[in-house]
Amino acid sequence: NQLPRYDEISTPEQITNRRKALDFTLEHTLRGREDVISHEERELPGAAGPLKASIFRPKRSKQSKTPGIQFIHGGGHISGSRFMGIDSALDWVEEFGAILVSADYRLAPEHPQPAQVEDSYAALEWMSGQSQELGFDRDQVIVCGGSGGGNIAAGVTLLARDRSGPQIRGQLLMYPWLDDSNITH
């Protein structure tokens, strides 16, 4: 069974099936990395209520000016979780000693935009405010995401700028979903 493309989804059942197919777990995410990366679950304040978040740290610190990375998962705004697509970001925890925070956000269509961006911005504010406790340099914050998460990461970065919010050192949009027509490269 091949899942329909995001622009072909037209029923609640198709959304449910996509969500089930893209439901990654912590065990899947950390497989083979348990000796080098630690994991902690937290509930953090979201724009409309608590959000589940995962914090990943290196078991052995690599540097004194550790970056903090907010990872925003993809899924076309309608599916996915904080574990989806996180593999490359976990490489940065392992290689550079980064602290990685990935939080769930409310999904569409039950929660239309700007719910996803507002939840992710709330996670960025929390993360930045907890930099000392989490163990990263507040001046080294990077926001990243892939696909729909890249779209949200771009929005979060703009909100931080427009609201004079947390300072972002860098933005990494991995294959960002920036065009809703799905006809461009």
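Above this text is the structure in question.
Residues numbered from 1 in each chain as written. Predicted model: local features only at pLDDT ≥ 70, side-chain atom pairs only at ≥ 80, totals over all residues. Heavy atoms only, no water.

## Focus: the overall build of the protein chain
Now for step 1: When its secondary structure is counted, the protein chain shows six helices and six strands.
Now for step 2: By residue count, 48% of the 185 residues in the protein chain fall in the buried class.
Now for step 3: Within the protein chain, counting contacts between residues at least 6 apart in sequence, those at least 24 apart form 71% of the total.
Now for step 4: On the protein chain, roughly 9700 Å² of surface is accessible, and the fraction owed to carbon and sulfur atoms is 49%.
Now for step 5: Placing the 19 positive and 25 negative side-chain charges of the protein chain at their respective mean positions leaves the two points 3 Å apart. (Helix = DSSP H or I, 4+ residues; strand = E, 2+ residues; numbered from the N terminus. Buried < 20%, exposed > 50% of the residue type's maximum accessible area, 1.4 Å probe, protein only. Contact = heavy atoms within 4.5 Å. Areas by Shrake-Rupley, 256 points an atom, 1.4 Å probe, with all protein chains shown as cover. Lys, Arg positive; Asp, Glu negative; His and termini not counted. Charge placed at Lys NZ, Arg CZ, Asp CG, Glu CD.)

## Some words on the packing of helix 4 (residues 115–129) against helix 6 (residues 148–162)
Now for step 1: Running from amino to carboxyl end, helix 4 crosses helix 6 at an angle of 60°, the nearest separation of the two axes being 9 Å. By the angle class used here, helix 4 and helix 6 are oblique. Helix-helix and strand crossings are classified by hand; for helix 4 and helix 6 the assignment is right-handed. Residues Gln116, Val117, Glu118, Ser120, Tyr121 and Leu124 of helix 4 pack against Ile152, Gly155, Val156, Leu159 and Ala160 of helix 6.
Now for step 2: Looking at the contact of helix 4 with helix 6 residue by residue, the classes come out as seven nonpolar, three polar and one charged. (Axes fitted to C-alpha atoms, helices over the stretch in contact; angles between N-to-C directions. Parallel < 35°, antiparallel > 145°, perpendicular 65-115°, else oblique. Left-handed = near helix turned anticlockwise from the far one by under 90°. Nonpolar A, V, L, I, M, F, W, Y, C, P; charged D, E, K, R; others polar.)

## A word on the environment of Tyr105
Now for step 1: Mapped onto the elements, Tyr105 comes out in the loop between strand 4 (99–103) and helix 4.
Now for step 2: The spatial distance from the C-alpha of Tyr105 to the C-alpha of Arg82 is 8.3 Å, given a sequence separation of 23 residues.
Now for step 3: Excluding residues that lie within four positions of it along the chain, Tyr105 makes contacts with Leu51, Ile72, His73, Gly74, His77, Gln116, Asp119, Ser120 and Ile152.
Now for step 4: Among the polar contacts made by the side chain of Tyr105, one reaches the main-chain carbonyl oxygen of His73 at a distance of 2.9 Å. (Polar contact = N/O pair within 3.5 Å; in protein donor to acceptor, adjacent residues only side chain to side chain.)

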